[in-house]
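What the coordinates show
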Amino acid sequence: MKTSIIIHSAILIIVQTIACSVSAQTAKADSLLRVLHKSKDVHTQTELHNDLALLLSRTKTDSAMVHAEKALALATSSNNYKQIATSYKNIGNILYLRYNLSDAHELYSKALATYRIIGDTIGMANIYNNIGAIYKAEGLYLESIQHYQKSITLRLKTPDSTRVSKTHLNIGNLHAQLGNDSLALSYYRQALKMNKRNNDEINMAKTYTHLGIYYFEQKLYAKSLPYLEKAQILFREHDDKQGLGHSYSSLGGLHHELKEYDKAIAFFNKSLNYYYALKHNLGISMTHNALAKSYNAKGRFRNAITEASIGLKIGKESETLFVQKTSLEQLYIAHEGLKQFSQALKFHKQLLSIKDSILNIEKIKEVELIEKKYQSKNQKLQIKNLEKENELKKARVSQLKNRQIIISLAFLVAIFTIAVLLLARRKLHKKNRTIEEQNQEILMQKEELEAHHNHLEELVKKRTHALQKAKEQAEESDRLKSAFLANMSHEIRTPMNAIVGFTELLNYSDPTEEERIEYRALINQNSELLLHLIDDIIDIAKIEAGEIQIKIVPTNVNKLIEDIIPVFENRKIEINKENLTIKTSQEFASNRIELHTDPIRLRQIISNLIDNALKFTIEGYIEIGIDNEKEQNDSFITIFVKDTGVGMTKDQQKIIFKRFGKVEDSNQKLYRGAGLGLAICKNLTGLLGGNIWAESTHMEGTTFYLRLPIIYNKNNTQLQPAIKQ
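Rules used in this analysis
- Residues numbered from 1 in each chain as written.
- Predicted model: local features only at pLDDT ≥ 70, side-chain atom pairs only at ≥ 80, totals over all residues.
- Heavy atoms only, no water.
- Helix = DSSP H or I, 4+ residues; strand = E, 2+ residues; numbered from the N terminus.
- Expected span 1.5 Å × (residues − 1).
- Buried < 20%, exposed > 50% of the residue type's maximum accessible area, 1.4 Å probe, protein only.
- Contact = heavy atoms within 4.5 Å.
- Axes fitted to C-alpha atoms, helices over the stretch in contact; angles between N-to-C directions.
- Parallel < 35°, antiparallel > 145°, perpendicular 65-115°, else oblique.
- Left-handed = near helix turned anticlockwise from the far one by under 90°.
- Nonpolar A, V, L, I, M, F, W, Y, C, P; charged D, E, K, R; others polar.
- pLDDT = per-residue confidence, 0-100.
- Patch = residues over 30% accessible without salt bridge, like charges linked within 9 Å, V, L, I, M, F, W, Y side chains within 5 Å.
- Areas by Shrake-Rupley, 256 points an atom, 1.4 Å probe, with all protein chains shown as cover.
- Salt bridge = Lys/Arg side-chain N within 4 Å of Asp/Glu carboxyl O.
- Lys, Arg positive; Asp, Glu negative; His and termini not counted.
- Charge placed at Lys NZ, Arg CZ, Asp CG, Glu CD.
- Phe/Tyr/Trp six-rings, centres within 6.5 Å; stacked < 30°, edge-to-face > 60°.
- Lys NZ or Arg CZ within 6 Å of the ring centre and 35° of its normal.

Take unusual backbone geometry next. In the Ramachandran plot, K259 falls in the positive-phi region, its phi being about 60° despite a non-glycine side chain. Tracing the chain through its elements places K259 in the loop between α13 (241-257) and α14 (261-278). Unusually for a residue other than glycine, K339 sits at a positive phi of about 65°. Structurally, the position occupied by K339 is in the loop between α17 (321-337) and α18 (341-508).

Taking 1.5 Å per residue as the helical rise, helix α16 (residues 301-317) with its 17 residues ought to reach 24 Å, and the 24 Å between its terminal C-alpha atoms agrees with that figure. For α16, the set of buried residues is F301, A304, I305, E307, A308, G311, L312, I314 and G315. As for α16, its buried residues are in contact with α15 (281-298) and α17.

Let's shift gears to the environment of L192. Along the chain, the position of L192 falls in helix α10 (residues 181-197). Overall, L192 belongs to the buried group, its relative accessible area being 9%. Spatially, the C-alpha atom of L192 lies 8.6 Å from that of L169, the residues being 23 residues apart in sequence. In this structure, L192 is in contact with M204, T207, Y208 and L211, ignoring residues within four places of it in sequence.

Here we come to the packing of helix α5 (residues 81-97) against helix α6 (residues 101-118). The interhelical angle for the contact between α5 and α6, taken along N-to-C directions, is 160°, at an axis separation of 8 Å. As the angle between them shows, α5 and α6 are arranged roughly antiparallel. You can see that α5 and α6 cross each other, and the crossing is left-handed. Of the residues in α6, those touching α5 at Y81, K82, I84, A85, T86, Y88, K89, I91, G92, N93, L95 and Y96 are L101, D103, A104, L107, Y108, K110, A111, T114, Y115 and I118. Among the residues making up the contact of α5 with α6, the classes are represented as 14 nonpolar, four polar and four charged.

Confidence in the prediction for the protein averages 80 pLDDT; 82% of positions are at 70 or higher. Every residue in residues 373-378 is under pLDDT 50, and counting partners more than four places away or in other chains gives zero contacts.

With that out of the way, let us pick up the environment of L345. Summarising the element assignment, L345 is placed in helix α18. Through-space distance from the C-alpha of L345 to that of Y332 is 7.3 Å; in sequence the pair is 13 residues apart.

Let us look at a negative patch on the surface. Taken together, the side chains of E441, E447, E448 and E450 define an acidic patch exposed on the protein surface. Within the secondary structure layout, E450 lies in helix α18.

In this section: the packing of aromatic side chains. Summed over all chains, the structure comprises eight aromatic pairs. Taking 6.0 Å as the distance between ring centres and 25° as the angle between the ring planes, the aromatic pair formed by Y248 and F267 counts as stacked. On the criterion of sequence distance, the pair formed by Y248 in helix α13 and F267 in helix α14 is long-range, its members being 19 residues apart. Judged by its relative accessible area of 2%, Y248 is buried. Judged by relative accessible area, F267 falls into the buried class, the value being 18%. Members of the aromatic cluster, joined through ring pairs, are Y208, Y214, Y215 and Y227. The ring of F347 carries the charged tip of K346 above its face, separated from the ring centre by 4.7 Å. Lying across the ring of F636, R707 places its NZ or CZ 4.9 Å from the centre.

Attention now moves to the side chain of H147. Among the secondary structure elements, H147 is positioned in helix α8 (residues 141-156). Apart from residues lying up to four places away in sequence, H147 is in contact with Y128, N129, I131, G132 and Y135.

Together, Y81, I117 and I118 give the surface a local cluster of nonpolar side chains, amounting to about 310 Å² of exposed area. Of note, Y81 is situated in helix α5.

Right, dumping it as structure tokens:
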């Protein structure tokens, strides 16, 4: 019982490690195939074929083998050793899944040799782990442990602790299969500790599952259940369907042992849902057999026959003997329970035949193991014979060395004599050469000093120029700061003086009711002017600090303008310009535009432009309109604000978009304002990806244009403009 459950769990965990969600695999495989069809680079094609081989090996081994062989051919033609090794590994993985262990071992060995040539430590560690799994499947546990340990040793030299924890888990499974319970528990705990340190919840869940099965095998059911439940929670959080299938299957096995058969059946059915969704045939067949076992325990023999028959069918299709053996056992028990003895006898005979087959396979493995032991002994004898031959060769070499030493001494004496004579001659030659070198060095030092002197002069000039420029920038900054403070002081004092003055008139004089209304109106007007000025100062500061946030949303431009106009209709009454007309252009109603932009900032720009037009227009009209235009395959929307005001000279047009740039005419009228509104409009327009400009004739009016880009996709659907931060 213990061995069968351990084998069941080990197989499911191996498949779980190899498999992932089928739907996710399909989507990723389709994506990789699309990239592969477009790629013309050999190295990229090789990598994509190997990625597809790894991905499809979990569900479609035939397709995976095709991609792995193509990758191997491409990698060999381009001498790409890393991809050659990866191709060998992928082909080995597919052969291992098909249980063709000897061929898989051969491919892994080729991969290991190639990784060793290129010095790929991580690749070597992975292959050692895979070969360890093959030895474990063959029952060669000592060799399996040795390869697992080699894998761990290499991985500890790299930042690959996740893989180390997986190898610890594999070693724990091996010891559990051998019945070394204490060692198995030790490796499980090490794996769990590493997974917690790495916050690797998927491998944590797998380790919880094995700990649960370990305590379950020890019949410590109270300890087993919490671990299995923790594993189930983590698998569910990560939507790991393979893990959930195995988790529910393990919980079903636990409740079966507790003779809580209804709970066991419920968990097995949940497990089947996940296994069928993943087309996990091994999990499906083993879980149907587990259901049959629980139904037999409850005396529901017909249900047991149904479940075991499904398990037997899948076991035969996959040629999995241990699954067929379990199915036949449950069919035999069920028919015997129904007193259908002829059927029971038929399944019993099939069961004996399967057991004989399994026994024969085990005997073959024993013979192979014995043969390997004899081969090992023969190799040891050969090594001893070679060692004796080496000793004889060493003795002969020693004699030759003695002769060579005598000849060498005589040769050295002759060489020494010649060397003394040559040395005396060489000293004279060296003295002459030293004098020449010293002369050359003196000349080089002189040239270096001159070059260094010239470099210092050039450096001093550059530093002086840089300091002069920095000084000028500092003076300009100080001048701008002083101008800003003076300008702001004047602009803030003007409305403040009006507010304070009219407030004092209200408080300390006895005005008439009409005067009171007039004073309050003036106070309100100057308060709004002051607030507007403060808002402008805050906005320009935010823009220069880069703190303005642009939020792009679909915006109905016509609706936005229609909402703004009533505000300025009231505004013109407040400033005694009732005779001024605010209207929209003739094409305004027909050009209905929905733009992806920031409606708050767009409203701010248009409001500033209308307010500016209202300020400089005494009579006539202010017209707002929208135009669509196309230029070099890019689409634009252009919003314009046109007035019949005082207009601007060319010199005034050059400064209006600069900070504190104001239209002043000392011979006519002083227009109040800080000169920040149009500077703010300019900066906000840039943030929205557009531009702004003005066309004006002095004393004839001005038109401001605001152009914003519109980008369309293939379906002619408008996308948001490119934002310039």
